[in-house]
Amino acid sequence: MKRKVVLYNNPLLLKKSAPVREVNAAIQKLAHNLIDTMRANNGVGLSAPQIGMLKRIIAYEYKRPKGSKDITPNVPLRVLINPEIIKLSKKTKVDEEGCLSFPDLFGQVKRSTGIRVRALNSKGKLIEFDAKDFEARIIQHEVDHLDGILFIQKLTDNKLYTYK
Ligand code: ZN
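Worth saying up front: this structure is predicted, and the values here are computed from it rather than measured.

Visitor: With reference to specific residues and values, describe the pairing of strand E3 (residues 75-88).
Guide: Here 5 bridges tie strand E2 (residues 57-62) to E3, and the two strands are oriented antiparallel to one another. Opposite Ile-57, over in E3, you have Ile-81 as the bridge partner. The pairing of E3 with strand E6 (residues 114-120) spans 5 bridges and is antiparallel. Looking across to E6, one finds that Ile-85 is bridged to Val-117.

Visitor: Give a description of the UniProt feature "binding site: Fe cation" (unreviewed entry) in the protein that names residues and reports values.
Guide: As recorded in UniProt, the feature "binding site: Fe cation" (unreviewed entry) lies at Cys-99, His-141 and His-145. Maximum C-alpha separation among the annotated residues is 10.3 Å over a sequence range of 47 residues, consistent with a single clustered spot. Among the residues just listed, Cys-99, His-141 and His-145 line the largest pocket. Here Cys-99 shows up in strand E4 (residues 92-99). Sequence-distant contacts of Cys-99, that is, excluding residues within four places in its chain, are made with Gln-50, Leu-105, His-141, His-145 and Phe-151. When neighbours within four sequence positions are excluded, His-145 is seen to be in contact with Lys-15, Ser-47, Pro-49, Gln-50, Cys-99 and Leu-150.

Visitor: For the sheet that holds E2, give the residues involved together with the corresponding values.
Guide: Strand order in the open sheet made by the 5 strands is E1-E2-E3-E6-E7, with antiparallel pairing throughout. At either end of the open sheet lies a strand with only one pairing partner, and these are strand E1 (45-47) and strand E7 (126-132). Neighbour-to-neighbour, the strand axes of this sheet turn through a mean angle of 40°, independent of strand direction. By the bridge criterion, 7 bridges tie E6 to E7 in an arrangement that is antiparallel. Counted as the bridge partner of Ile-115 is Ala-131 from E7. Each of E1, E2 and E3 is contacted by helix H1 (residues 25-40), which is oriented at about 35° to E2, the strand it contacts most.

Visitor: Give me the lowdown on the nonpolar core, citing residues and values where you can.
Guide: Counting residues in hydrophobic clusters, the biggest one holds 16 residues, and the most contacted among them are Tyr-60, Leu-80, Phe-129 and Ile-139. Within the residue set of this core, elements represented by two or more residues are E2, E3, E6, E7 and helix H2 (133-146). Here the element with the most residues in this core is H2; it accounts for 5 residues. Discounting residues that sit within four places of it in the chain, Tyr-60 has contacts with Met-38, Val-44, Gly-45, Val-75, Pro-76, Leu-77, Arg-78, Leu-80, Phe-129, Glu-135, Ile-138 and Ile-139. Among the nonpolar cores identified, the runner-up in size contains 15 residues, and Leu-34, Leu-46, Ile-57 and Val-79 belong to it.

The rules we used
Residues numbered from 1 in each chain as written. Predicted model: local features only at pLDDT ≥ 70, side-chain atom pairs only at ≥ 80, totals over all residues. Heavy atoms only, no water. Pairing = 2+ DSSP bridges. Helix = DSSP H or I, 4+ residues; strand = E, 2+ residues; numbered from the N terminus. UniProt positions renumbered as here; feature names shortened; annotations may be inferred. 1 Å grid on protein atoms, 1.4 Å probe; cavity = no way out; pocket = protein on both sides within 12 Å on 5 of 7 lines; lining within 4 Å. Contact = heavy atoms within 4.5 Å. Axes fitted to C-alpha atoms, helices over the stretch in contact; angles between N-to-C directions. Core = buried A, V, L, I, M, F, W, Y, C linked by side-chain atoms within 4.5 Å. Buried < 20%, exposed > 50% of the residue type's maximum accessible area, 1.4 Å probe, protein only.

Spelled out as structure tokens, the structure:
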């Protein structure tokens, strides 16, 4: 079910989310709500605090629009519970980021280009994998949300901009 996205003026976004103790039906429902809300808003990633739940869960997915000239590779849907970034590459890249909690605003943020992630999947199974480039950027952005950190705190030039 689609939920309302918590916006930038809500102090909830600055809070730290609590680890999930058990991947039960309620958590799976929350994960589905995250996916539905992300897709309904054409987002590439969303964290549970952004739908008002201070739990360590994120979802992400990127599908290149049909006919798009964008060359970013598709990123398959993933739900990560209690995600931990256990390795960050020294190599970084500055690139554009937006956030569903900051509609229509973008900024330049520096992120590691490669990371190693440990998490539970939506079935509660422990998984570990490497992510790079756009996927690594999304995960770093969403894991920051779980710690109450927003991309506007990491802008390389302190500027937000809009295309509208
Ligand atoms: Zn965000």
